[in-house]
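Examination of the molecular architecture
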Amino acid sequence: MSLTDGKNILVYVETAQGAPVGPALEILAKAKELAAAKGEEVIAAILAEAPEEAAKTAVEAGADQAVIVKTAESRPEVRAAMLAKLVEKYTPSLVLAAATQEGKDVTPLLAQKFEAGCAVDVMNILADGDQYVFTCPVYGGNILNDVVLHTQPAVATVRGGSFSKSIEEGKAGKIIEETIEIAARKAVKFKAGAELNE
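Overview of the structure. Within every chain, residues take consecutive numbers counted from 1 along the sequence as written. Local features in a predicted model are, by the rule used here, given only for residues with pLDDT of at least 70; side-chain atom pairs are given and counted only at 80 or more, and totals for whole chains, interfaces and linings are based on all residues. To get the side-chain values, take all heavy atoms of the structure and skip hydrogens and water.

Some remarks on unusual backbone geometry
Comment: phi is negative for the bulk of residues other than glycine, and the bulk of peptide bonds are trans. Along the chain, Q152 connects to P153 via a cis peptide bond; the corresponding omega equals -5°. For P153, the position within the fold is in the loop between β10 (143-148) and β11 (154-158). Positive phi values are uncommon outside glycine, yet T91 reaches one of about 40°. We count a stretch as a helix when DSSP gives it H or I for four or more residues in a row; a strand needs E for two or more, and each element gets its number in order from the N terminus. Positionally, T91 belongs in the loop between α3 (76-90) and β6 (94-98). Of note, Y139 is a non-glycine position whose phi angle comes to about 50°, a positive value. Mapped onto the elements of the fold, Y139 is located in the loop between β9 (131-138) and β10.

Structure (structure tokens):
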């Protein structure tokens, strides 16, 4: 399933101990810059047990609104499915996440659900009309390569330290709580070539 006519930038704000990780705050600052140039908005997506404070911080860091989902789920495939539901509802043209271990686990799964391209370890992002140009390291980081993803949404993980945080303390923004239920999948085990469902 692919999207058409996407608008706005959705940033997956990973949290640790209830607070957004540093690279997520850096991404929000860059997303704000990119969105402002196109007259669009930045949506922070936060999946956590107690996401309220992280949502406030995300707004102060550049999000126009924060969408929160209260969950203790940590499996990447389930988090990707939850994010996919948010992407379906809010139809962003660009989805960004920090290039942490979690970000690198979740974003390819998310991209696959929308038959979208996924740029990894991005070090810079430029807007080029309706598309984005991602600068990524290749060949062990010896060369920087510009990548354009011709999909909606474009999905990317951003390397920490690529951008600077910009915190506007006390900034107000809309916080929306969404409830997402993901059906549990049966575990599948393989034994001596035979598939056993549990």
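Once the structure has been displayed, the description carries forward.
Digging into the nonpolar core
Among the nonpolar cores identified, the biggest contains 37 residues, and I9, V11, L28, L96, I125 and F134 are the most heavily contacted of them. The dominant element in this core, judged by the number of residues it contributes, is helix α1 (residues 22-38), at 7 residues. Two residues form a contact once any of their heavy atoms are found within 4.5 Å. Residues in contact with F134, not counting those within four places in the same chain, are L94, L96, A119, V122, N124, I125, N145, D146, V147, L149, A154 and A156. Here, nonpolar core refers to any group of buried Ala, Val, Leu, Ile, Met, Phe, Trp, Tyr and Cys residues whose side-chain atoms link them within 4.5 Å. Buried, partly exposed and exposed residues are distinguished by accessible area as a fraction of the type maximum, computed with a 1.4 Å probe on protein chains only: under 20%, between the cut-offs, and over 50%, respectively. Listed in part, the 24 residues of the second largest apolar core include I43, A45, A97 and V155.

What to know about the pairing of strand β4 (residues 42-48)
Counted residue by residue, β4 has 7 buried out of 7 residues, so it is predominantly covered. The alternating pattern of β4 places V42, A44, I46 and A48 and I43, A45 and L47 on opposite faces, both of which are buried. Note: strand β1 (residues 9-12) against β4, 4 bridges, orientation parallel. Following the sheet pairing, V11 is matched in β4 by A44. Criterion used throughout: strands pair if DSSP finds at least two bridges between them.

Focus on α3
Between its first and last C-alpha, α3 extends 21 Å over 15 residues, near the 21 Å set by a 1.5 Å rise per residue. Every buried residue of α3 is accounted for by V78, R79, A80, A81, M82, L83, A84, L86, V87 and Y90. Packing partners of the buried residues in α3 comprise β1, β4, β5 (65-70), β6, α4 (101-113) and β12 (174-177). Each helix should span, by expectation, one fewer than its residue count multiplied by 1.5 Å.

Quick look at the packing of α3 against α4
Only the stretch in contact is used when fitting a helix axis, every axis being a line fitted to C-alpha atoms; angles between N-to-C directions are given from 0 to 180 degrees. The interhelical angle for the contact between α3 and α4, taken along N-to-C directions, is 50°, at an axis separation of 8 Å. Between α3 and α4, the angle is such that the two are oblique. Taken as a pair, α3 and α4 cross one another with a handedness that is right-handed. Facing P76, E77, R79, A80, A81, L83, A84 and V87 of α3, the residues of α4 in contact are E102, D105, V106, L109, L110 and K113. When residues are grouped by polarity, Ala, Val, Leu, Ile, Met, Phe, Trp, Tyr, Cys and Pro land in nonpolar, Asp, Glu, Lys and Arg in charged, and all others, Gly among them, in polar. Class assignment of the residues belonging to the contact of α3 with α4 gives a composition of 9 nonpolar, no polar and 5 charged. The labels follow the angle: roughly parallel below 35 degrees, roughly antiparallel above 145, roughly perpendicular from 65 to 115, and oblique for the rest. It is the rotation of the near helix from the far one that decides the hand of a crossing: anticlockwise by less than a right angle makes it left-handed, clockwise makes it right-handed.

Brief notes about the sheet that holds β6
Sheet architecture is open: 7 strands sit in the order β7-β11-β6-β1-β4-β5-β12, paired in parallel fashion. Each edge of the open sheet is held by one strand with a lone partner, namely β7 (118-122) and β12. When strand polarity is set aside, the average angle formed by the axes of neighbouring strands in this sheet is 20°. Bridge analysis of β7 against β11 gives 3 bridges, and the strand direction is parallel. Note on β11: the bridge partner recorded for V122 is V158. α1 rests against β1, β4, β6 and β11 of the sheet, and its axis sits at about 175° to β1. Across the sheet, α3 is in contact with β1, β4, β5, β6 and β12; its angle to β4 comes to roughly 150°.

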